[in-house]
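One letter stands for each residue in the lines below.
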Protein chains: 2
Amino acid sequence: MNGKKLNIGLFGFGTVGRGLFDVLKRIGSKNVEIKRICVRNINKPRSVEAEFTDNPDEIFNDPDINFIVELIDDADAAYSIVKRALQMGLPVVSGNKKMLAHHIEEMIELQARYNVALLYDASACGSIPVIRNLEEYYDNDLLTSVKGILNGSSNFILSKIFNEKMSYADALKLAQELGFAESNPSLDIDGWDSLFKLIIVTVHAFGIYVAPEKIFTYGISNMNDDDIRFANEKERRFKLVAHVEKIADNKLIMCVMPQLISRNKYIYSVEDEFNGVVIKGLFYDKQFMFGRGAGGYPTGSAVLSDITACLYDYKYEYKKRNDSQLPEYTLDHTFRVYFRYEDVADLELVKFEEVYENYTSADYKYVVGRVSLANLHSVQDELRKRNIFIAAYPRD
Amino acid sequence: MNGKKLNIGLFGFGTVGRGLFDVLKRIGSKNVEIKRICVRNINKPRSVEAEFTDNPDEIFNDPDINFIVELIDDADAAYSIVKRALQMGLPVVSGNKKMLAHHIEEMIELQARYNVALLYDASACGSIPVIRNLEEYYDNDLLTSVKGILNGSSNFILSKIFNEKMSYADALKLAQELGFAESNPSLDIDGWDSLFKLIIVTVHAFGIYVAPEKIFTYGISNMNDDDIRFANEKERRFKLVAHVEKIADNKLIMCVMPQLISRNKYIYSVEDEFNGVVIKGLFYDKQFMFGRGAGGYPTGSAVLSDITACLYDYKYEYKKRNDSQLPEYTLDHTFRVYFRYEDVADLELVKFEEVYENYTSADYKYVVGRVSLANLHSVQDELRKRNIFIAAYPRD
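Computed from a prediction, not measured in an experiment: that's the story for all the values here.

What counts and how
Residues numbered from 1 in each chain as written. Chains lettered and ligands numbered in written order. Predicted model: local features only at pLDDT ≥ 70, side-chain atom pairs only at ≥ 80, totals over all residues. Heavy atoms only, no water. Axes fitted to C-alpha atoms, helices over the stretch in contact; angles between N-to-C directions. Helix = DSSP H or I, 4+ residues; strand = E, 2+ residues; numbered from the N terminus. Parallel < 35°, antiparallel > 145°, perpendicular 65-115°, else oblique. Left-handed = near helix turned anticlockwise from the far one by under 90°. Contact = heavy atoms within 4.5 Å. Buried area = accessible area lost by both parts, 1.4 Å probe. Salt bridge = Lys/Arg side-chain N within 4 Å of Asp/Glu carboxyl O. Polar contact = N/O pair within 3.5 Å; in protein donor to acceptor, adjacent residues only side chain to side chain. Nonpolar A, V, L, I, M, F, W, Y, C, P; charged D, E, K, R; others polar. Pairing = 2+ DSSP bridges. Buried < 20%, exposed > 50% of the residue type's maximum accessible area, 1.4 Å probe, protein only.

1. Regarding the packing of helix H6 (residues 152-164) of chain B against helix H7 (residues 168-177) of chain B
Residues and elements named next belong to chain B.
Here is step 1: Packing of H6 against H7 brings their axes to within 9 Å, and their N-to-C directions diverge by 135 degrees. What the angle tells us is that H6 and H7 run oblique. Here H6 and H7 pass one another in a crossing that is right-handed. Across the interface between the two elements, Ser153, Phe156, Ile157, Lys160 and Ile161 from H6 touch Tyr168, Ala171, Leu172, Leu174 and Ala175 from H7.

Rendered as structure tokens:
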């Protein structure tokens, strides 16, 4: 589309949609204009001068509109919109992690079939260009792991709890007021948002797609004051970490879970709504990318970067998917964990391959032991339901 | 060159050349092979199996060689090699900051004229893909500054001095032994290496080229124990910072100088041979990229990333150079500085626009004051020659 003017049909006018609108207005771009905005509730009062509609056809049937930006919450609706656009040959920028985490393989196929670009760097890590860097820069042979804090909202909450001794409920409320949290807080707090981003990142980092239900995912909603005290005593902090790593024999592990992070780690210092990603490779050791992971302006400007890339005919090439020796996903790996529980019956959920510490008192019990990802994955719903909290606890 | 096999003619077999050789051997790439290596001294014993020559013609006249990698120290020789290769239509990866900082405009012109790629991400910040990120990702309208530690060797020395109380001489010796330092230490210590990288970064960040002699450049070689004690008392550390920033009226300032960095800044924690770059923008606030900035393997793997990018027909587009409103370089800007001197005559070099602190004792004298870049630039050789040390000292 080099040199062409983009007339955007925008779906969604929440925090990020509004952020994009404001950023575009501020920079006064001549090549990019939001022509019409499709929203769920047309009657909601909005303080901006723009053409709104609640009918997707008014975007898709407008011959002037040559570009779609999809920034809505509803993953099913996002799927329909993005698919319809690609089938019409319209390039799309999408911010919907959940939709991509479920349908990315079909989306890759649609892009190839209709020779049209779908970009979504803004969907993972807000303003940090992590997807495009993994896609363009890190050679698969050299890359060993990508690990980081991919959800700004849960990290904001953890920061407030650990640095300002705020209660969990107050911290969550503040995150929502500031526009960092998804409208459904479970997405952030229970690790789903991190999981969706991890799946997208893994496609670009290692060339393989793993469906969400196959990956151990566990969040911070069960964390209590005993856990926080434990972390403080060890001079560590809980961080919600998404993790993909090549282990031996070209096998790949993935998981999202809290981790007790010690002070000498880069991500220890990732505070508030910031995201931080550590990329490790065989030869360059490790690199760290850090930036705002949530909020309307940072994410809006990341969406604009995707739009600008489309102006220059950029497409993801998904190079690593063509590797002859793609790694194979496995749950056959163990972690050293902190496991806080209530009843002896809770212990039966988990088969510890080794136990390093065992503490019991009337109202606080925990085990530090080694457990397999396969085990954790098979009981993850139960772990969430009971009064249990589990976190990776590496020796360092 | 998609799908083609690269037969590389390599110039230079120092730390980085050897690093590239080892990295390539380790990953066993089928598409990339070092066919012949041109070195200055063919008689030097080398412990690797490879075809060496001391005659550039044996590379340029070999019809099998379809790719040039230039990793030599000598900027004039590097200029001839890269120019000759581009004129022959051979793609080149270069690591020579000094050559690029002086000849980048001609190199851009040659790439366009002969429709051939010259990549040099490895030349700035070792393993951090900062150039390609600035080129591809950060929209000019949004970018306000790029600031960071671009020289691993001087940072290694400062780390050893501040963290391990090592003497300056011992720290420099250790840096050289570990292969972090340039063969001429003045390049690292006096800020020249940082300057060359800053010039390259600025071309990709803001679209304009500024010649080295126009930019205030000052290193750490005059730093003494009094200065180090001053920093420690203020709970700050000296870091050698390269800095480009858009100020008012679309003007751009650039400089390389030590800065007293307080604990709450990202670059305070960039230790040893690591590099760290803070990229600020209007809407995404700031981002931080961090990684190994020196050493054979990290830089060798960065060179390999450039080579791989060429395999996929990647070229820098130098998009920002085509902006209708390029910023204009200026020295008309003031900084708050710490200025340690010996004689009253030294004070005459600098015209302080404001003085905030003034300390004199028998053997230690300093002023904290505001001074213009133009002033500093006009006396930079004299500042280096006398027993004076100057560092930016922002209020924070």
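Having seen the structure, we can now continue with the description.
2. Comments concerning the interface of chain B and chain A
Here is step 1: Of the residues lining the interface, 39 residues belong to chain B; the matching set on chain A comes to 38 residues.
Here is step 2: Of the roughly 3500 Å² buried where chain B meets chain A, counting both sides, 58% is carbon and sulfur surface.
Here is step 3: Taken together, the links from chain B to chain A amount to zero salt bridges.
Here is step 4: Scanning the region where chain B abuts chain A turns up three residue pairs in polar contact (both at pLDDT 80 or more).
Here is step 5: Residue assignment for the side of chain B that touches chain A shows that the elements contributing at least two residues are helix H1 (15-27), helix H5 (130-136), strand E12 (285-292) and helix H11 (296-311) of chain B.
Here is step 6: Grouping the constituent residues of the side of chain B that touches chain A by class yields 20 nonpolar, seven polar and twelve charged.
Here is step 7: When strand E12 (residues 285-292) of chain A meets E12(B), the two strands line up antiparallel, connected through five bridges.

3. A look at the pairing of strand E16 (residues 365-372) of chain B
Residues and elements named next belong to chain B.
Here is step 1: Along E16, seven of the eight residues are buried, which leaves the element largely enclosed by surrounding structure.
Here is step 2: Bridging between strand E14 (residues 334-341) and E16 involves eight bridges; their strand directions are antiparallel. Within E16, the residue paired with tyrosine 338 across the bridge is valine 368.
Here is step 3: Taking the residues between adjacent antiparallel strands as the criterion, strand E15 (residues 354-360) and E16 are bridged by four residues.

4. Considering the side chain of Ser123(B)
All names here are of chain B.
Here is step 1: Assignment of secondary structure puts serine 123 in the loop between strand E6 (118-119) and H5.
Here is step 2: Engagement of the side chain of serine 123 in a polar contact is seen with the backbone oxygen of tyrosine 120, the distance being 2.7 Å.
Here is step 3: The contact partners of serine 123, leaving out residues within four places of it in the chain, are Ser94, Gly95, Lys97, Leu100, Ile131, Lys197 and Ile200.

5. Regarding the sheet that holds strand E3 (residues 52-53) of chain A
Residues and elements named next belong to chain A.
Here is step 1: Taking strand neighbours across the sheet as the criterion, the six strands line up as E3-E2-E1-E4-E5-E6 in an open arrangement whose pairing is parallel. Single-partner strands in this sheet number two, and they are E3 and strand E6 (118-119).
Here is step 2: With two bridges joining them, strand E5 (residues 92-94) and E6 adopt parallel strand pairing. Looking at E6, one finds that valine 92 is bridged to leucine 118.
Here is step 3: Helix H1 (residues 15-27) rests against strand E1 (6-11), strand E2 (32-38) and strand E4 (67-70) of the sheet, and its axis sits at about 150 degrees to E2.
Here is step 4: Those strands touched by helix H3 (residues 75-87) are E1, E4, E5 and E6, and its axis lies near 165 degrees from that of E4.

6. What about the sheet that holds E6(B)?
Residue and element names in this part refer to chain B.
Here is step 1: An order of E3-E2-E1-E4-E5-E6 is seen for the six strands of this open sheet, with the pairing classed as parallel. Strands at the two margins of the open sheet, each flanked by one partner only, are strand E3 (52-53) and E6.
Here is step 2: Where H1 meets the sheet, its contacts fall on strand E1 (6-11), strand E2 (32-38) and strand E4 (67-70), and the angle it forms with E2 comes to roughly 150 degrees.
Here is step 3: Against the sheet, H11 contacts E1, E2, E4, strand E5 (92-94) and E6, and its axis sits at roughly 160 degrees relative to E4.

7. Let's talk about the packing of H1(B) against H11(B)
Residues and elements named next belong to chain B.
Here is step 1: Two elements in contact, H1 and H11, have axes whose closest approach is 7 Å; the angle formed by their N-to-C orientations is 70 degrees. When the axes of H1 and H11 are compared, the pair comes out roughly perpendicular. Here the hand of the crossing between H1 and H11 comes out right-handed. Contacts from Thr15, Val16, Gly19, Leu20, Asp22, Val23, Leu24 and Ile27 in H1 reach Gly296, Tyr297, Thr299, Gly300, Ser301, Val303, Leu304 and Ile307 in H11.
Here is step 2: Of the residues belonging to the contact of H1 with H11, the class tally is nine nonpolar, six polar and one charged.

8. Brief notes about the pattern of salt bridges
Residues and elements named next belong to chain A.
Here is step 1: Within the structure shown, the criterion is met by 52 salt bridges over all chains.
Here is step 2: The partner of aspartate 306 in a salt bridge is arginine 132, and the shortest N-O contact between them spans 3.0 Å. Linking aspartate 306 in helix H11 (residues 296-311) with arginine 132 in helix H5 (residues 130-136), this pair joins segments that are 174 residues apart in sequence. Both residues of the pair, aspartate 306 and arginine 132, count as buried.
Here is step 3: Across the salt bridge formed by lysine 160 and aspartate 272, the nearest N and O atoms sit 3.8 Å from each other. Taken together, the positions of lysine 160 in helix H6 (residues 152-164) and aspartate 272 in the loop between strand E10 (251-262) and strand E11 (274-281) put the pair 112 residues apart, joining distant regions of the chain.
Here is step 4: Here the residues in one salt-bridge network are Lys35, Arg36, Glu51, Asp62 and Asp64, joined through shared partners.

9. Brief notes about the pairing of strand E9 (residues 236-246) of chain B
Residues and elements named next belong to chain B.
Here is step 1: Of all eleven residues in E9, nine are buried, a share of seventy percent or more.
Here is step 2: Pairing of strand E7 (residues 143-149) with E9 involves four bridges; the strand directions are antiparallel. Following the sheet pairing, lysine 147 is matched in E9 by histidine 243.
Here is step 3: Pairing between E9 and strand E10 (residues 251-262): eleven bridges, direction antiparallel. Across the sheet, residue leucine 240 finds its bridge partner in E10, namely proline 258.
Here is step 4: Where E9 hands over to E10, the hairpin turn is made up of four residues, of which aspartate 249 adopts a positive phi near 60 degrees.

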